[in-house]
Amino acid sequence: CALPIYEIARNTFTSAPLLVRIAKKLGYSGFNEFKSAYLKELSYMLEETDVDASIPFLLSDDLMTITKNLALLEKETIQDTQQLNHHDDLQEAVRLLQKAQVIDVYGVLDHVLLAKHFKTLMMYIGKDVQVIDQVTGQKRSACLADESHCAIIISYSGHAPHIKHLIETLRKKQTSIIAITNLEDNELSLLADVTLRMSSRELIYTKIADFASSLSLKYILDILYSCIFSIHYQQNLDNCIQIAKELDNTQLE
């Protein structure tokens, strides 16, 4: 892929203009930008790891091998997620969330469960978080949003069919958008105000479970909560302690 465009066109029996059109169809300004993004992603995927994120254990593995491999996978996933996300992007995401009166989290399947945990944590520090998990509900919520809202859109692939319409609606409503997606410059990441990256070594279809992507997402949401918590640290800590005491007293009654 380091070959010039005319060489690639000749080897694939196509043409340079066609390759440029394909790159632009994928959201890039031209073929060189596409090639740079592809090489970056390829280099990332070829990095050596101790455990396959998609198939972390085999039929022949015994109980302790499975246990060890999952521990290694979790360690590598956290480290990978930390390295993929940079200070300026995290700072901008925290700024948008702190400014927002309402935070709308758009997700599907298992992502929704993690988003609901995030909602509970944020509730303890006075942030209004809504989790929207149905495609029809997402459309309605986007139409009801405005500039006082901030949308977190979670999509590992970044190419879900409803995402483009969702983003277009939020843009019309002047709602800021935080994307949480994979390393690829996909439709979601290209249109969001800021993008946070999930560990992206897990294949979308060929996998045992969403071990890596779920853990990576939880880590990102925990980071966002913790950073917002730290802005008014003592006040939030006092509130959390008081709420815990009140809940404990209620359970004892």
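Student: An account of the pairing of strand 3 (residues 149–154) is requested, with residue identities and associated values reported.
Tutor: Looking along a regular strand, one sees the side chains alternate between the two faces of the sheet. Counting buried positions along strand 3 gives 6 out of 6 residues, so the element sits mostly inside the fold. Covered by surrounding structure in strand 3 are His149, Ala151 and Ile153 together with Cys150, Ile152 and Ile154, the residues of both alternating faces. Across 5 bridges, strand 1 (residues 102–106) lies against strand 3 in parallel orientation. Along strand 3, the bridge assignment pairs Val105 with Ile152. Note that strand 3 and strand 4 (residues 176–181) share 5 bridges and pair parallel. By the bridge assignment, Ile153 is partnered in strand 4 with Ala179. This β-α-β element, strand 3 to helix 8 (residues 163–172) to strand 4, shows right-handed connectivity.

Student: Summarise the environment of Ile228; cite the residues concerned and give the values.
Tutor: Among the structural elements, Ile228 can be located in helix 10 (residues 211–231). Along the primary structure Ile228 and Ile204 are separated by 24 residues, whereas in three dimensions their C-alpha atoms are 31 Å apart. Discounting chain neighbours no more than four positions away, the residues touching Ile228 are Val94, Leu97, Gln98, Met122, Ile125 and Asn236.

Student: Can you break down unusual backbone geometry residue by residue, with the values?
Tutor: Non-glycine residue Phe13 carries a positive phi angle of around 55°. Exposure remark for Phe13: the relative accessible area of 78% places this residue in the exposed category. Even without a glycine there, the phi angle at Leu109 is positive, about 50°. Residue classification places Leu109 among the exposed residues on the basis of a relative accessible area of 74%.

Student: Now, about the pattern of salt bridges: what can you tell me, with residues and values included?
Tutor: Evaluation of the coordinates by the stated rule reveals 8 salt bridges. In this structure, Glu7 engages Arg10 in a salt bridge whose closest nitrogen and oxygen atoms are separated by 2.7 Å. Here Glu7 pairs with Arg10, and both are found in helix 1 (residues 5–11), just 3 residues apart, close to one helical turn. The buried category is assigned to Glu7, whose relative accessible area is 18%. Taking relative accessible area as the criterion, Arg10 reaches 56% and is therefore assigned exposed. A salt bridge links Asp193 to Arg171; the nearest nitrogen and oxygen atoms lie 3.3 Å apart. Separated by 22 residues along the polypeptide, Asp193 in the loop between helix 9 (187–191) and strand 5 (194–197) and Arg171 in helix 8 bring together distant segments of the chain. Given the relative accessible area of 39%, Asp193 is considered partly exposed.

Student: Outline the packing of aromatic side chains, listing residues and values.
Tutor: We describe a pair of aromatic rings using the distance from one ring centre to the other and the angle between the two ring planes. For the structure shown, the criterion picks out 3 aromatic pairs. Both rings, one in Phe31 and one in Phe34, keep their centres 5.8 Å apart while their planes meet at 50°; by these two values the pair is tilted. Of this pair, Phe31 and Phe34 are both found in helix 3 (residues 31–45), 3 residues apart, which corresponds to roughly one turn of the helix. Taking relative accessible area as the criterion, Phe31 reaches 8% and is therefore assigned buried.

Student: With reference to specific residues and values, describe the packing of helix 6 (residues 110–124) against helix 10.
Tutor: Contact pair helix 6 / helix 10: the axes reach a minimum separation of 10 Å and the direction vectors enclose 15°. Here helix 10 runs roughly parallel to helix 6, going by the angle between their axes. In the crossing of helix 6 with helix 10, the sense of the turn from one axis to the other is right-handed. Contact residues: Asp110, His111, Leu114, Ala115, His117, Phe118, Leu121 and Met122 in helix 6; Ser214, Leu217, Lys218, Leu221, Asp222, Leu224, Tyr225 and Ile228 in helix 10. Classifying every residue of the contact of helix 6 with helix 10 by side-chain character gives 10 nonpolar, 3 polar and 3 charged.

Student: Got a sec to walk through the side chain of Ser216? Specific residues and values, please.
Tutor: Structurally, the position occupied by Ser216 is in helix 10. Its relative accessible area of 0% is what places Ser216 among the buried residues. A distance of 2.8 Å separates a polar atom in the side chain of Ser216 from the backbone nitrogen of Ser199. Excluding anything up to four places from it in sequence, Ser216 contacts Thr77, Thr81, Met198 and Ser199.

Quick notes on the rules
- Residues numbered from 1 in each chain as written.
- Predicted model: local features only at pLDDT ≥ 70, side-chain atom pairs only at ≥ 80, totals over all residues.
- Heavy atoms only, no water.
- Buried < 20%, exposed > 50% of the residue type's maximum accessible area, 1.4 Å probe, protein only.
- Helix = DSSP H or I, 4+ residues; strand = E, 2+ residues; numbered from the N terminus.
- Pairing = 2+ DSSP bridges.
- Right-handed = clockwise from strand over helix to strand, strands pointing away.
- Contact = heavy atoms within 4.5 Å.
- Salt bridge = Lys/Arg side-chain N within 4 Å of Asp/Glu carboxyl O.
- Phe/Tyr/Trp six-rings, centres within 6.5 Å; stacked < 30°, edge-to-face > 60°.
- Axes fitted to C-alpha atoms, helices over the stretch in contact; angles between N-to-C directions.
- Parallel < 35°, antiparallel > 145°, perpendicular 65-115°, else oblique.
- Left-handed = near helix turned anticlockwise from the far one by under 90°.
- Nonpolar A, V, L, I, M, F, W, Y, C, P; charged D, E, K, R; others polar.
- Polar contact = N/O pair within 3.5 Å; in protein donor to acceptor, adjacent residues only side chain to side chain.

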